[in-house]
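# Report on the structure
What follows is each chain in one-letter form.
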Amino acid sequence: RVGGISAGSVTVAHWPENFLLALKKIDRYKQLIDDNDDLFFATSVEEIRKAKIEGKIALFFAFQDGKPIEDDLGNLRTFSDVGVRIIQLTYNAMNLIGVGCCERSYARLSYFGVNVVEEMNRLGIVVDLSHCCDETTMDAIEISKDPVLFTHAGVRALCNAYGRNKTDEQIKALAEKGGVMGVCWQSFGIKRDPKTYEVQRCTIEDVLNHIDYIVELVGVNHVGFATDVHGKSHDEGTVPATSSMRLWRPLRPDVFGVGPTDVFDPPPEGLERHSETPNLTRGLVARGYSDQEVLKILGGNFLRVFEKVWRK
């Protein structure tokens, strides 16, 4: 609320969860929202706007792995029924849908993955490709009839993080489909030594450089932001046990970088927690973006995609 954020996605399931565990977590999150008068569970753009008018924070549900779908499209339809609106096809590893950015070998979508994307299009669930390998990323963009998202990623030309940061080709393909890329605030994807992969201390200016790059490449209609930061982690100087940094940094420094520890990277200075989001607005204004362009970057572009996809 201090940061002026009036809506955001909640990762209600990722790689540790199967179908039943995902449903239990969804139920838990719904109970938490019901018990908090400041929160509002949203499944449509209309509800997001309603929450803002009422002074509440709208939360919509997302997966950071297609694993809970298991091998059954019926499970996907169930997740749609209970309000899941964004599904990232893979996390870092391989699943039945496709391949994540940290596997030993890469590939396109499986035949089942093709069916999942097509069913997500039919149901009105947004396809997210933030953690997918290059081949799965390009394949899903081509197959999806709807715009897709890189909800939280960076520009590979500025920071060579395989998979987690996207190439110019991928960003252009995303834009041609009408999609949006949210620039992530995680330091490992913002600034690092190109040879040693050492994560370097970065600032809000480095984050703005990623936004500028995307705007110059494909235009202001295809960029947003995504924090991917956690206030508790910042306060304690550690990340959850299930985090990518703990599990994958030792195996794939080319993806998640090399840091002083495997449990925490300091966020960009000036964007260390959600309450500092107004600094992003100030930075965009200082770089010459108009009010209309700032509104697009701060959420308008994502809302455009949601409005197109969620209305099905």
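Residues numbered from 1 in each chain as written. Predicted model: local features only at pLDDT ≥ 70, side-chain atom pairs only at ≥ 80, totals over all residues. Heavy atoms only, no water.

Right, let's get into empty space enclosed by the protein. Per the counting criterion, the structure on display carries one cavity of 30 Å³ or more. Lining of the largest cavity is provided by Ala153, Gly154, Arg164, Asn165, Cys184, Gln186, Phe188 and Gly189. Within the lining of the largest cavity, the residues separate by chemical class into three nonpolar, four polar and one charged. (1 Å grid on protein atoms, 1.4 Å probe; cavity = no way out; pocket = protein on both sides within 12 Å on 5 of 7 lines; lining within 4 Å. Points joined across faces, edges and corners; volume = space filled by probe spheres on them. Nonpolar A, V, L, I, M, F, W, Y, C, P; charged D, E, K, R; others polar.)

Bringing the pairing of strand β9 (residues 223-226) into the picture now. Where burial is concerned, the two faces of β9 agree: the one with Val223 and Phe225 and the one with Gly224 and Ala226 are both buried. As defined by bridge partners, strand β8 (residues 180-184) adjoins β9 across four bridges and the pair is classed as parallel. Residue Cys184 lies in a different strand from β9, and its bridge partner there is Ala226. A crossover connection joins β8 to the parallel β9 through helix α7 (residues 204-218); in handedness this β-α-β unit is right-handed. (Buried < 20%, exposed > 50% of the residue type's maximum accessible area, 1.4 Å probe, protein only. Helix = DSSP H or I, 4+ residues; strand = E, 2+ residues; numbered from the N terminus. Pairing = 2+ DSSP bridges. Right-handed = clockwise from strand over helix to strand, strands pointing away.)

Turning next to the packing of α7 against helix α11 (residues 277-286). Running from N to C, α7 and α11 cross one another at 60°; their axes reach a closest spacing of 10 Å. Accordingly, the angle class assigned to the pair α7 and α11 is oblique. The way α7 lies across α11 gives a crossing that is right-handed. Side by side, α7 and α11 meet where Ile204, Leu208 and Ile211 of the first sit next to Asn279, Leu280, Gly283 and Leu284 of the second. Split into classes, the residues belonging to the contact of α7 with α11 amount to five nonpolar, two polar and no charged. (Axes fitted to C-alpha atoms, helices over the stretch in contact; angles between N-to-C directions. Parallel < 35°, antiparallel > 145°, perpendicular 65-115°, else oblique. Left-handed = near helix turned anticlockwise from the far one by under 90°. Contact = heavy atoms within 4.5 Å.)

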